[in-house]
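Coordinate inspection notes
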Amino acid sequence: MAIGNGGTGSGLVVSFGEMLIDFVPTEAGVSLAEASAFLKAPGGAPANVAIAVARLGGRAAFVSKLGDDEFGHMLAAILREKGVSDAGVVFDAGARTALAFVTLLADGEREFMFYRNPSADMLLTAAELNVDLIRNGAIFHYGSISLIAEPCRSAHLKAMELAKEAGALLSYDPNLRLPLWPSPEEARKQILSIWDKADIVKVSGAELEFLTGHDSVEDEVALRLWRPSLKLLLVTLGDKGCKYFTKDFRGTVGSFTVKQVDTTGAGDAFVGALLQGIVEDRSALQDEKKLRQVLRFANACGAITATKKGAIPSLPSASEVMELLEKA
């Protein structure tokens, strides 16, 4: 599988949504109130996905709005430095870049407290979209946080429409952050409102349980989220790997045993690797053997990311992934 030699011949992955600063405690297993110091780390799932693609040698672009402040310009510079086009990024002089304080629990999982009232990403309008950039994407990837508030919601829906019309595959990772929604019911309703527009959907086990209302990740529960419009439905199960469902086949691909330090960005690394694999060979969506190879590579990306602190600094290169695959 030719992941890692994307170069200019490979299709563009355009990622849409929020980019923010995570403030992460310098010690794990303490509450925000108990933390003595915080490190600032760039974050935001759609931005992480774009950087994950670029780290693997693919072509990626990011579409968002940042505050016209030091943090916003720092984030745009990080995108460029990591090889992601920021041609779709605009700045808002009247709103700040979003912030999130992250609690690292003892087992490497995390909890969030957000400062977005409103943050610049929520204020992106349809008129500010870089239409040519979106139309050039082979894959258009997005989450659900951009559906929470207007005008960003309308910009999100318009961007999806532009990408679909131009022949892009639409990729959706809801990336549930309940504290940002008015209520769990509203979150469920809005997340599912665009479900049938996607070609590829990836959910975590916890998101599957939330969206279906069933406390199980069994196949029959996962299939409640299947739609005839989908080409691929994925359920990621952390260190247990992932399940995949297409109209013709389904199965599970195991993960890799690693020492988890911080799971931040592991799901985004998985998605980035998946999308890069599909951009390089779209037939993986119909060929189970190829798809399993892509998913094994994606699982390795997620596993490596969980062994280090922070999302972006721990996203692996193709050579790091190949090293883990060869050892396995």
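As a reminder, the structure under discussion sits directly above these lines.
What comes next is a walk through the structure. The model shown is predicted, which means the values in this text are computed figures rather than measured ones.

Rules of the game
- Position numbers for residues start from 1 in each chain and track the written sequence from start to end.
- Local features in a predicted model are, by the rule used here, given only for residues with pLDDT of at least 70; side-chain atom pairs are given and counted only at 80 or more, and totals for whole chains, interfaces and linings are based on all residues.
- Excluded from the side-chain calculations are hydrogens and water; all other atoms, namely the structure's heavy atoms, are used.
- Each helix is a run of DSSP H or I of at least 4 residues and each strand a run of E of at least 2, with the numbering of both proceeding from the N terminus.
- Computation of the radius of gyration draws on C-alpha atoms alone. For the globule rule, the value is 2.2 Å times the number of residues to the power 0.38.
- The classification of residues rests on relative accessible area computed with a 1.4 Å probe and restricted to protein chains. Under 20% of the type maximum is buried, over 50% is exposed, and intermediate values are partly exposed.
- Residue contacts are defined here by distance: any two heavy atoms, one from each residue, within 4.5 Å place the two residues in contact.
- Surface accessibility follows the Shrake-Rupley procedure with a 1.4 Å probe radius. Residue values consider only the protein chains on display as shielding.
- Neither His nor the chain ends is counted toward charge; the positive residues are Lys and Arg and the negative residues Asp and Glu.
- By convention, the point assigned to a charge is CZ for Arg, NZ for Lys, CD for Glu and CG for Asp.
- The length a helix should cover is 1.5 Å for every residue beyond the first.
- Pairing between two strands is assigned when DSSP locates at least 2 bridges connecting them.
- Between the N-to-C directions of two axes lies an angle of 0 to 180 degrees, each axis being a line fitted to C-alpha atoms and, for a helix, fitted only over the stretch in contact.

Let us look at the overall build of the protein chain. Along the protein chain, the regular secondary structure elements total 10 helices and 13 strands. Expected size for 328 residues packed as a compact globule is a radius of gyration near 20 Å; at 18 Å, the protein chain falls within 12% of this value. For the C-alpha atoms alone, the extent of the protein chain along its principal axes is close to 50 × 45 × 40 Å. Here the protein chain holds 328 residues, and the buried ones make up 56% of them. When contacts within the protein chain are restricted to residue pairs at least 6 apart in sequence, those whose partners lie at least 24 apart make up 71%. Of the roughly 13,300 Å² of accessible surface on the protein chain, a fraction of 51% belongs to carbon and sulfur atoms. Within the protein chain, the 41 negative side-chain charges are centred at a point lying 4 Å from the centre of the 34 positive side-chain charges.

Attention now goes to helix α4 (residues 152-165). The first and last C-alpha atoms of α4 sit 20 Å apart over 14 residues, in line with the 20 Å expected at 1.5 Å per residue. Regarding α4, the residues found buried are Cys 152, Arg 153, Ala 155, His 156, Ala 159, Met 160, Leu 162 and Ala 163. In the core, the buried residues of α4 are packed alongside β1 (12-16), α3 (131-135), β8 (137-142), β9 (169-172) and α5 (184-193). Positive backbone phi, at 95 degrees, marks Gly 167, one or two positions downstream of α4.

This brings us to the sheet that holds strand β7 (residues 110-115). Here we have 4 strands laid out as an open sheet, ordered β3-β2-β6-β7, and mixed in their pairing. Each edge of the open sheet carries a strand with a single partner, namely β3 (38-43) and β7. For this sheet the average axis-to-axis angle between neighbouring strands, irrespective of direction, equals 30 degrees. Both strand β2 (residues 20-25) and strand β6 (residues 99-104) contribute to a ladder of 3 bridges, which runs parallel.

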